[in-house]
Amino acid sequence: MNANIVRYSVDTEGIATLAIDCPGRALNVLNREALAAIYAAIARAIADPAAKAILLASDKEDFIAGADLDMVLAITDAAELKAATLELHRYLRALETCGKPVAVAINGSALGGGYELCLACHYRVAGNRPSALIGLPEVTLGLLPGGGGTQRLPRLIGIRAALPLLLEGKKLKPAEAHKAGLVHEVVAAGNEREAARAWLRGRIGQETLQPWDIKGYKLPGGPVQSPAGFETFYAGSAMTLAKTAGNYPAPHYILSCVYEGLQTDFDTGCRTEVAYFAAAAMTPEAKAMMRTLFFHMNQVNSLARRPAEVPRRKFSRVGVLGAGMMGSGVAYAQAMAGIDTVLLDTTLEAAEHGKSHTRRLLDTRVHKGYMSAETRDAALTRIYPTTRYADLDGCDLVIEAVFEDRGVKADVTRQAEAVLTPDAIFASNTSTLPIGSLAEVSIRPQRFIGLHFFSPVDKMPLVEVIVGAKTSPETLAQAMDYVRAIRKTPVVVNDSRGFYTSRVFSTYVREGLMMLAEGVAPALIENAGKLAGMPVGPLAIADEIALDLADRVNRQTAADLGAAYVRTAAEDVTETMVNVCKRIGKKVGAGFYDYPAEGPKRLWSGLMRHFPSTAQQPALEQVQRRLLYIQSIEAVRCLEEDVIASACDADVGALLGWAFPVCHGGPIGHIQQLELPRFLAACRELAVSFGPRFTPPALLEKMAAAGESFYVA
Ligand code: NAD
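My aim in this report is to walk through the structure given alongside it, one point at a time. Owing to the predicted nature of the structure, the values given are computational and were not obtained by experimental measurement.

The rules behind the values
Residues numbered from 1 in each chain as written. Predicted model: local features only at pLDDT ≥ 70, side-chain atom pairs only at ≥ 80, totals over all residues. Heavy atoms only, no water. Buried < 20%, exposed > 50% of the residue type's maximum accessible area, 1.4 Å probe, protein only. Helix = DSSP H or I, 4+ residues; strand = E, 2+ residues; numbered from the N terminus. Pairing = 2+ DSSP bridges. Axes fitted to C-alpha atoms, helices over the stretch in contact; angles between N-to-C directions. Parallel < 35°, antiparallel > 145°, perpendicular 65-115°, else oblique. Left-handed = near helix turned anticlockwise from the far one by under 90°. Contact = heavy atoms within 4.5 Å. Near = heavy atom within 4 Å. Polar contact = N/O pair within 3.5 Å; in protein donor to acceptor, adjacent residues only side chain to side chain. Areas by Shrake-Rupley, 256 points an atom, 1.4 Å probe, with all protein chains shown as cover. Nonpolar A, V, L, I, M, F, W, Y, C, P; charged D, E, K, R; others polar.

Across the six residues of strand β16 (residues 462–467), six count as buried, placing the element largely inside the fold. Alternating residues of β16 divide into Leu462, Glu464 and Ile466 and Val463, Val465 and Val467, and every residue in both groups is buried. Direction of pairing for strand β15 (residues 448–453) relative to β16: antiparallel, over a ladder of four bridges. Directly across from His452, in β16, lies its bridge partner Glu464. Pairing between β16 and strand β17 (residues 489–494): six bridges, direction parallel. Within β17, the position partnered with Val465 by the bridge is Val492.

Helix-helix packing is described using two parameters, namely the angle between the two axes and the distance between the axes. Look at helix α21 (residues 522–531) against helix α26 (residues 620–640): their axes get within 9 Å of each other, and the N-to-C directions meet at 65°. Considering the angle they form, α21 stands roughly perpendicular to α26. For the crossing formed where α21 meets α26, the hand is right-handed. Across the interface between the two elements, Leu524, Ile525, Ala528, Gly529 and Leu531 from α21 touch Leu620, Val623, Gln624 and Leu627 from α26.

Attention now goes to the site of the ligand. The full set close to the ligand counts 22 residues, and Met326, Asp345, Glu404, Lys409 and Ser431 are the nearest of them. Between Asn429 and the ligand, the recorded distance is 3.0 Å, taken from a side-chain N or O atom to an oxygen atom. About the coverage of the ligand: the protein hides 77% of its 830 Å² of free accessible area. Mapped by element, the contributors of at least two residues to the shell around the ligand are α14 (325–336), α17 (406–417) and β15. In the shell around the ligand, the residues fall into 11 nonpolar, eight polar and three charged.

A few words now on the sheet that holds strand β5 (residues 110–111). In spatial order, the strands read β5-β7-β8; together these three strands make up an open sheet with mixed pairing. Each having just a single partner strand, β5 and β8 (171–172) make up the two edges of the open sheet. Strand direction decides the pairing type here: strand β7 (residues 134–135) and β8, joined by two bridges, are antiparallel. When the bridges of β8 are listed, Gly135 appears paired with Lys171.

Next comes the structure, spelled out in structure tokens:
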């Protein structure tokens, strides 16, 4: 079995090649079997008298994608994880100190544990493949490099250069990795092994050591205990705390690994790293991040919720109605995915203007070296601006992104449907109008669906796929195929007010406004939101959305719901801001914040006049709890009402849709993290103090009574 994972051969020049090829997988990953095979091959190469030099390589398209997270997550005992990691360290150390020269041919991506293996080689050659990425991204999953990465990288390139790579988990393209000192040489794709061999040939017979094992080695940029070292750690610690607000343990552990480990000898440093690695992997934050960002994201992207019986559909030509902010963004995503786009607006000028958005984005990519000018030109020819509905002929799908106005949407639906073939799909990008009601004008409502993109489309990876009452399973399945074709993540949502993301996210903003009405100090509200891990405070978000728009939506909702509408103090605050204060948000430079031309935004000093703060302010923790728990409660209501199908969809949608703090794994993951009984008790208390919106949904009570939880771990 192991022999199949690493092919071992020694050529006539005495170069032993260890070619890694995990069977039955598209990528090499470091799982138990692969590690055992690599260890055995390393031991064999070291002991083999015929092997004068050692070459590590991959027989897959990429080098190694990283450690198998199933393996990491399955180990729930820190001592067991430490023992397994120490074994990895022993073999890597044996490899780099065996005296024989060791090179690695990095033929594609080398990430996490895969790159740590490269770091234990004396010479690293990378192939210049456009898709290849090199780096140590463990921190993005709540972990830290546990295979020596926090010790070898700073010893290789210096603390100052290594810390940002370790703390941000940035993945570099081969040329960037070369510039940063992560690899010695970049060669044309396909020539990696030969280049590595050439280096090995020149070293055969000479004892080869890592820089840090050579007598007289000095840490590049100076040691920890030096003015430069102090400065780096002061700045690094402050910046890390500012970014994490203490919510993410891993970056702090990384700082400790480097700070402590680089003041000791290499082997002691590695043991320090192992201790912090095991501690990080056991944190609830790491478990939540791995679960949502890796397992659940993969599940959603593999279209687990797609009606399986429907054959996959390819999309070669797609129409976009409305070349404004959203339509032009969709056109860009399609052009990048190789889909021909008919971009229709009321005037050719407007349609052309929409296309120029794609041109600008592509120019930036060319400028940064991510794309060739030829690829850009080819992508641009895929966008065809027009005003004529006849040009939609032959489209597999048409997405409307015209004004949020029922009349305009009805008009474009009728005109497009007159041209479309019976099996073409019509999708609306509406943000507020129920899909069922828009489908009423459709002559084929079973082919009508919602595709709710997020702004800016080129950056936001989520699309809510909204199923109307009459939408057919074929339409749903194929719409999901389309979302994957443009490399975005589809979350399936049933038709309901605010769909899923806007509905849950709005509870965060509303809670903030309600606190303001109660007399909680605006700075406390905003800081509590950010310290809880949300990217922006609720008042700042309300300003971004625009208060006049929120006011209009509130009034429309009240009219639609009639007696069922529950008005809260948040609506009073919005009305006061719009009608009394005449401050409607960021777009006019005046809302809850002032937006001076120079300098950052500041909370508006007049807020105190209209919403005076009480003398007794609540504790920060209570404000944070209200802002986060209300989102979890609403997400559970969405599950209860079948607005969203599963906890996994709810968590992925929250992370991608509105940047819910990833350290909790999502609003449902947060309940799991707190443990259901504790969450329930806290909600009951909040309900007594602040009202029935905090009353735990029946689903939670039922689950608690049955001793159930949303996730296994
Ligand atoms: P926008 O005002 O930037 O663009 C609308 C475009 O539609 C304009 O170019 C306009 O000329 C064109 N248009 C208007 N009537 C038309 C017609 N009859 N035929 C063809 N083109 C017509 O608006 P936007 O922000 O891109 O929003 C478009 C849709 O996307 C709306 O339904 C909105 O609710 C939804 N949406 C917006 C966001 C957002 O953040 N802006 C997010 C998700 C969804």
